[in-house]
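Residue strings, one per chain:
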Amino acid sequence: EVFFFFFFFGGGGLEEAVWSIDKYPVSSCQLPTLFRSVTGTECLTRAVDTGVFDAHKTYAVLLVCLVYIEQEQAGVSEETQAKMRTSLIPGCVQIMNRFSLLQWILSSSVETSPDYDNFGNLNISEVDNKPKTILHHYLSSRHPLIEYKSLDDMKKTVVAIINAMYPGSKLLDLPQFLLSSQYYDQLKEYYTKSGECSAALKHIAAQAYAATGDDSAAVKMFISVAKNLDMSSPLLTNFIGNQDGGNSISLQYITKCISMLERSGLSKAIVSLASQATQFSEEEHLPLLYSLAFKHAVEAGDYDLAYKALSSNPRPSQKHACLKRFVVVMVEAGQAKRLVNYPYHGFKAEVVSVLEFKARNSDLRQNQQKNYYNLLFAFHVQNKMYQHAAATAYEHVLRLQNELPGVASLQQQLHGYLTAISCLELLREQDAWILEPTQYADVRVAVNASPKRPRSSNQMKEKKSNTKLTLVTVKELRAGYLMVDSLVKISAIKPDSVKLHNLSSSEVLGLLCSCGLYDQAFLLATYHELPPPLASLTARCINVAQHFAAHNHLPSGFTEWLTLNNVPNTDELNPADRAWLYLQTKVEEHGDWEALRQVLAQMLSAPFPPPFWLLKLCKLVNTEGTIRLCAQYDSLQLAVKLAIAYIGAVAGRETRDFGLENSLQSNMPPVYLPYTAFDQVLMQLKQKTDKSSAELYKDLVDQINSHLELLDRVCEDNTFLNREKLLHSFT
């Protein structure tokens, strides 16, 4: 059988049994019209299948013979035995394995092609009627390439077809057919058993590995082809196409592979291919490869690889473009926390620049969930740049104030103030400040205006030329926080009030008083250096007291404000007493004459009799001012009472209650009496015609006269004492 096989295919020993491809090219064979039919194809299929089977069987017999001869040493020289061990037997085994592989591939049942959706773009042709075996399908698709004039050329046709399909053949006809028909498993087996194969076959097989999801093997093979690119192969030459003189052939091949994989949606394979290609590419080609790796890593959702490619890119312009894309994609994907945790060695300033640009150009009215200000703040905190973090939070607050009205905006402003204050409190006192561009504080945006740009170029030029820097400290941030916190509390009671834009601190103070939020109002007045709202509180207390005295009970609307403040609540006190106690507490906290004057003036204007504790404080702080204020509001009876009591204190009765250090005595410092205030009261009383005013006038005049008599006696005593001291000094 061995000798019959050799003679049938032309003989020539083991080397010629492989059948030279150049000797029998497929295009030189001709097939009659008979073999273009289904019956002819079936006949040719059986012939090729029989030839492959016989070849495999023949080499199996030949291997047995060679092994027998080598072991028995039957009439052969030592040189021949050595050649058999090192060359003939291994070669025979390899050829037999290849024919075995070919036989398995050609006999595989392929009623329908495998479905590889992710690599469907590599499909070259579609055949409507699928044959039963790969060989049948292969021969059916190769009819146009086979022409055959004589039945005597049947043997050459079969040999040429087997040569074209043989593993290790340079024609690569069968591998291309397997790839186009999506028989990837058979193609991978064909490549594995082909031994040392060409770069073109590796290129074809790599596509099969990529199509079946084995990205690492595919990338390894693509890289191997790129390193040892054989431009003599027509397949690779056609694949690369027109060569660009500016780039190396290897880079052009890699970019073509990336484009092919990109059409298939294999982003992970592209990232791996581009990353490995950077290891042997020239430095000028690295930016392109890193950019490709970054692009597809982002598309694949592998942000760690994307960051690695981004940080490795040596070209600043491409690195900056990739960084902007990286930030946007990760924010859109909800990976903000992961974004700020990357180290960004060597380009943190670029990250800050990108985040600032995105934050300042974002529309706060439409972008509440993905806030770039929060992201920039987190980045600064992550890198322990607390001053920058505070400035970011404060800038966000200013934009919210100018661009986004409503309660939701106020809540965000509160959070911004708190974070800014917390950051500055982490720093030393001399570093606890930030800079505020006054453009944010001065600009008032209309309701329907764009928050991103002014209405005219002149406004833009004016804004740029007038931009100043203002120092903002922790105290000022706390004042701003109290303003926003006050608006939030006001909105809970009067929602329509917060619709007003850019309210001043005094306006907010008035709103707090109208809502009964006096604790917050006093706190706001303290931080913004405003007069305490004691007049408003006094008026409310008077209203409660008058209504309670008239009806002996109070509706809920009169006492609701007591629950909104830190007012003592005991069963022993009625609502009116609780209100007066709260007023007394606030007056004693502020304790100066201005606070007392507000409360007393409000009561006198009501009119409402001042409580004892208030008069006691007024006498202690400023008796003269109290008398004048009583006279101003025509409360002459109280003014006379205070004046008479003050004259008595000077004479030595209840001196401490009026804030006097001593009474009128000859051996003590002089004591002042407000005669002008007394004259003002006497003048007003003198203008009255009623009897009570006349009695008050007489009482006050009598007390003044009595005081003047006392003053004369003290002066005489003082003169006598001074004379005695003078005489004693002479003696």
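Because the structure is a prediction, the values reported are computed rather than measured.

## Observations regarding the overall build of the protein chain
- The helix and strand tally for the protein chain stands at 35 helices and two strands.
- The buried share among the 731 residues of the protein chain stands at 44%.
- Restricting the contact set of the protein chain to residue pairs at least 6 apart, pairs at least 24 apart contribute 65%.
- A total accessible area of about 38500 Å² is found for the protein chain, and carbon and sulfur atoms account for 52% of it.

## Structural notes on the environment of Ala226
- Position of Ala226 among the secondary structure elements: in helix α10 (residues 215-227).
- For the pair Ala226 and Tyr253, spaced 27 residues apart in sequence, the C-alpha separation works out to 6.5 Å.
- Excluding anything up to four places from it in sequence, Ala226 contacts Ser250, Tyr253, Ile254 and Phe280.

## A look at the pattern of salt bridges
- Inspection of the entire model under this criterion finds 14 salt bridges.
- Between Arg597 and Glu594 there is a salt bridge, and its shortest N-O distance comes to 3.1 Å. One end of the pair, Arg597, and the other, Glu594, are both in helix α30 (residues 593-605), three residues apart, so they sit about a helical turn from each other.
- With a relative accessible area of 30%, Arg597 lands in the partly exposed category.
- The shortest N-O distance in the salt bridge between Arg628 and Glu624 comes to 3.1 Å. Residue Arg628 and its partner Glu624 are both found in helix α32 (residues 623-632); the two are separated by four residues, about one turn of the helix.
- Note on Arg628: relative accessible area 30%, which makes it partly exposed.

## Side note on the packing of aromatic side chains
- The tally for this structure, following the rule as stated, stands at 18 aromatic pairs.
- Consider the rings of Tyr59 and Phe99, whose centres lie 6.0 Å apart with planes at 20°: the pair is stacked. Separated by 40 residues along the polypeptide, Tyr59 in helix α3 (residues 38-72) and Phe99 in helix α4 (residues 78-106) bring together distant segments of the chain.
- Take Phe99: its relative accessible area is 0%, and that puts it in the buried class.
- Between Phe326 and Tyr342 the ring centres are 5.8 Å apart and the planes differ by 55°, which places this aromatic pair in the tilted class. Of this pair, Phe326 sits in helix α16 (residues 316-332) while Tyr342 sits in the loop between α17 (336-340) and α18 (348-360); the two residues are 16 residues apart in sequence, bridging distant segments of the chain. For the pair formed by Phe326 and Tyr342, the shared burial category is buried.
- Each residue in the set Phe294, Tyr307, Phe326, Tyr342, Tyr344, Phe347 and Phe379 is aromatic and connected to the rest through ring pairs, giving one cluster.

## Description of the side chain of His380
- For His380, the location among the structural elements is in helix α19 (residues 372-382).
- According to the relative accessible area criterion, His380 is buried, its value standing at 3%.
- The contact partners of His380, leaving out residues within four places of it in the chain, are Val352, Met385, His388, Ala389 and Thr392.

## Describing the nonpolar core
- Among the nonpolar cores identified, the biggest contains 113 residues, and Phe326 and Tyr344 are the most heavily contacted of them.
- Filtering out sequence-adjacent residues up to four positions away, Phe326 remains in contact with Phe294, Val298, Tyr303, Ala306, Tyr307, Leu310, Leu339, Tyr342 and Tyr344.
- If you look at the next biggest cluster of nonpolar residues, it comprises 97 residues, including Leu534, Cys541, Tyr646 and Ile704.

## Let's talk about the confidence of the model for the protein chain
- For the protein chain, per-residue confidence averages 80 on the pLDDT scale, and residues scoring 70 or more make up 81% of the total.
- Taken as a whole, residues 441-455 scores under 50 in pLDDT and shows 22 contacts with residues more than four places along the chain or in a different chain.
- Scored below 50 in pLDDT, residues 460-465 makes three contacts in the model with residues more than four places away or belonging to other chains.

## Concerning the environment of Leu554
- Here Leu554 lies in the loop between α27 (534-551) and α28 (556-563).
- It is 7.8 Å that separates the C-alpha atoms of Leu554 and Pro575, two residues lying 21 residues apart in sequence.
- Not counting the four nearest positions on each side in its chain, Leu554 is found in contact with Val544, His547, Phe548, Thr559 and Pro575.

## Describing a nonpolar patch on the surface
- A grouping of Trp433, Leu435, Leu469 and Leu471 is seen on the molecular surface, where their side chains present a nonpolar patch of about 380 Å² in accessible area.
- The residue Trp433 is located in strand β1 (residues 433-437) in this model.

## With respect to helix α13 (residues 267-277)
- Those residues of α13 lying buried are Ser267, Ala269, Ile270, Val271, Leu273, Ala274 and Ala277.
- Residues of α13 that are buried in the fold lie against α10, α12 (249-263), α14 (286-300) and α15 (303-312).

## Here we look at a negative patch on the surface
- Taken together, Glu709, Asp712, Glu716 and Asp717 make up a surface patch of like negative charges.
- Along the chain, the position of Asp717 falls in helix α35 (residues 691-730).

## With respect to the packing of helix α7 (residues 173-180) against helix α9 (residues 199-211)
- With their axes 10 Å apart at the nearest point, α7 and α9 run at an angle of 20° to one another. As the angle between them shows, α7 and α9 are arranged roughly parallel. In this structure, α7 crosses over α9, and the sense of that crossing is left-handed. Only Leu201, Ile204, Gln207 and Ala208 of α9 make contact with α7, whose side of the interface consists of Pro175, Gln176 and Leu179.
- When its residues are assigned to classes, the contact of α7 with α9 shows five nonpolar, two polar and no charged.

## As for unusual backbone geometry
- With an omega dihedral of -10°, the bond running from Ala606 to Pro607 counts as a cis peptide bond.
- Residue placement: Pro607 occurs in the loop between α30 and α31 (612-621).
- Positive phi, close to 65°, is recorded for Gln182, a residue that is not glycine.
- When you line up the elements, Gln182 lands in the loop between α7 and α8 (184-192).
- Of note, the phi angle at Lys384 is positive, near 60°, even though the residue is not glycine.
- With respect to the helices, strands and loops of the structure, Lys384 is situated in the loop between α19 and α20 (386-403).

Parameters and conventions
Residues numbered from 1 in each chain as written. Predicted model: local features only at pLDDT ≥ 70, side-chain atom pairs only at ≥ 80, totals over all residues. Heavy atoms only, no water. Helix = DSSP H or I, 4+ residues; strand = E, 2+ residues; numbered from the N terminus. Buried < 20%, exposed > 50% of the residue type's maximum accessible area, 1.4 Å probe, protein only. Contact = heavy atoms within 4.5 Å. Areas by Shrake-Rupley, 256 points an atom, 1.4 Å probe, with all protein chains shown as cover. Salt bridge = Lys/Arg side-chain N within 4 Å of Asp/Glu carboxyl O. Phe/Tyr/Trp six-rings, centres within 6.5 Å; stacked < 30°, edge-to-face > 60°. Core = buried A, V, L, I, M, F, W, Y, C linked by side-chain atoms within 4.5 Å. pLDDT = per-residue confidence, 0-100. Patch = residues over 30% accessible without salt bridge, like charges linked within 9 Å, V, L, I, M, F, W, Y side chains within 5 Å. Lys, Arg positive; Asp, Glu negative; His and termini not counted. Charge placed at Lys NZ, Arg CZ, Asp CG, Glu CD. Axes fitted to C-alpha atoms, helices over the stretch in contact; angles between N-to-C directions. Parallel < 35°, antiparallel > 145°, perpendicular 65-115°, else oblique. Left-handed = near helix turned anticlockwise from the far one by under 90°. Nonpolar A, V, L, I, M, F, W, Y, C, P; charged D, E, K, R; others polar.

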